[in-house]
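Notes for the structure review
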Amino acid sequence: MDDDPLLKLISPLLGAVIAVIVSVMLAATVAGNIGDDYSTRASIYTFAVLWVLAGAVVVFMLAHRGETKSLSVGRVLLWIASIWLWPVFALRAYHQKRTEREDPPRD
């Protein structure tokens, strides 16, 4: 049972889910205070939720293999920050892969 590969995904998946829930509530709070009419608030909220969902998928795909620590408040806060700043991590991963492809390690 301890060698089940799905057990290794529980911590990062739970971190991503909790971060999305908190971020959606944060997006609703921010969108509710911005804009004069319903259409503007709804647009801001929709954009923020799509941003967070895309961020959760991207960050989970980048981090699920390396996530070995158990879930804690600090880890959840890190997940929340990461899913809002996901383009930084996606561009960094893209740049690293591109650099590795151009300059293969020499043995």
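Since this is a predicted model, take the numbers as computed values, not measurements.

The rules behind these values
- Residues numbered from 1 in each chain as written.
- Predicted model: local features only at pLDDT ≥ 70, side-chain atom pairs only at ≥ 80, totals over all residues.
- Heavy atoms only, no water.
- Helix = DSSP H or I, 4+ residues; strand = E, 2+ residues; numbered from the N terminus.
- Rg over C-alpha atoms; globule rule 2.2 N^0.38 Å.
- Buried < 20%, exposed > 50% of the residue type's maximum accessible area, 1.4 Å probe, protein only.
- Contact = heavy atoms within 4.5 Å.
- Areas by Shrake-Rupley, 256 points an atom, 1.4 Å probe, with all protein chains shown as cover.
- Lys, Arg positive; Asp, Glu negative; His and termini not counted.
- Charge placed at Lys NZ, Arg CZ, Asp CG, Glu CD.
- Phe/Tyr/Trp six-rings, centres within 6.5 Å; stacked < 30°, edge-to-face > 60°.
- Core = buried A, V, L, I, M, F, W, Y, C linked by side-chain atoms within 4.5 Å.
- Axes fitted to C-alpha atoms, helices over the stretch in contact; angles between N-to-C directions.
- Parallel < 35°, antiparallel > 145°, perpendicular 65-115°, else oblique.
- Nonpolar A, V, L, I, M, F, W, Y, C, P; charged D, E, K, R; others polar.

1. A look at the overall build of the chain
Secondary structure summary: the chain contains 4 helices and 0 strands in total. Taken from N to C terminus, the helices and strands of the chain fall in the order α-α-α-α. A globule of 107 residues ought to have a C-alpha radius of gyration of about 13 Å, yet the chain, at 17 Å, is considerably larger. Considering only C-alpha atoms, the chain reaches an extent of 60 × 40 × 20 Å along its principal axes. Counting the 107 residues in the chain, one finds 24% classified as buried. Residue pairs in contact within the chain that sit at least 24 positions apart in sequence constitute 72% of those at least 6 positions apart. Put simply, the chain shows about 7,900 Å² of open surface, and 66% of that area lies on carbon and sulfur atoms. Computed over 10 positive and 10 negative side-chain charges, the separation of the two mean positions in the chain equals 4 Å.

2. Describing the packing of aromatic side chains
Applying the stated rule across the entire model yields 2 aromatic pairs. When the ring of Trp51 is compared with that of Trp86, the centres are 5.2 Å apart and the planes differ by 50°; the resulting orientation is tilted. In this pair, Trp51 sits in helix H2 (residues 38-63) while Trp86 sits in helix H4 (residues 86-102), placing the two residues 35 residues apart along the sequence. Of the residues examined, Trp51 reaches a relative accessible area of 28% and is grouped as partly exposed. Ring pairs connect the aromatic residues Phe47, Trp51 and Trp86, which therefore count as one cluster.

3. Considering the nonpolar core
Counting 12 residues, the largest nonpolar core consists of Ala16, Ala19, Val20, Val52, Ala56, Val59, Phe60, Val76, Trp79, Ile80, Ile83 and Trp86. Secondary structure elements with two or more residues in this core: helix H1 (10-32), H2 and helix H3 (73-84). Apart from the residues lying within four places of it in its own chain, the contact partners of Ile83 are Ala19, Val20, Ser23, Trp51, Val52, Gly55, Ala56 and Val59.

4. Some remarks on the packing of H3 against H4
Their axes nearest at 5 Å, the elements H3 and H4 cross at an angle of 75°. It follows from the interaxial angle that H3 and H4 lie roughly perpendicular. Only Trp86, Pro87 and Phe89 of H4 make contact with H3, whose side of the interface consists of Ser82, Ile83 and Trp84. Among the residues forming the contact of H3 with H4, the class breakdown is 5 nonpolar, 1 polar and no charged.

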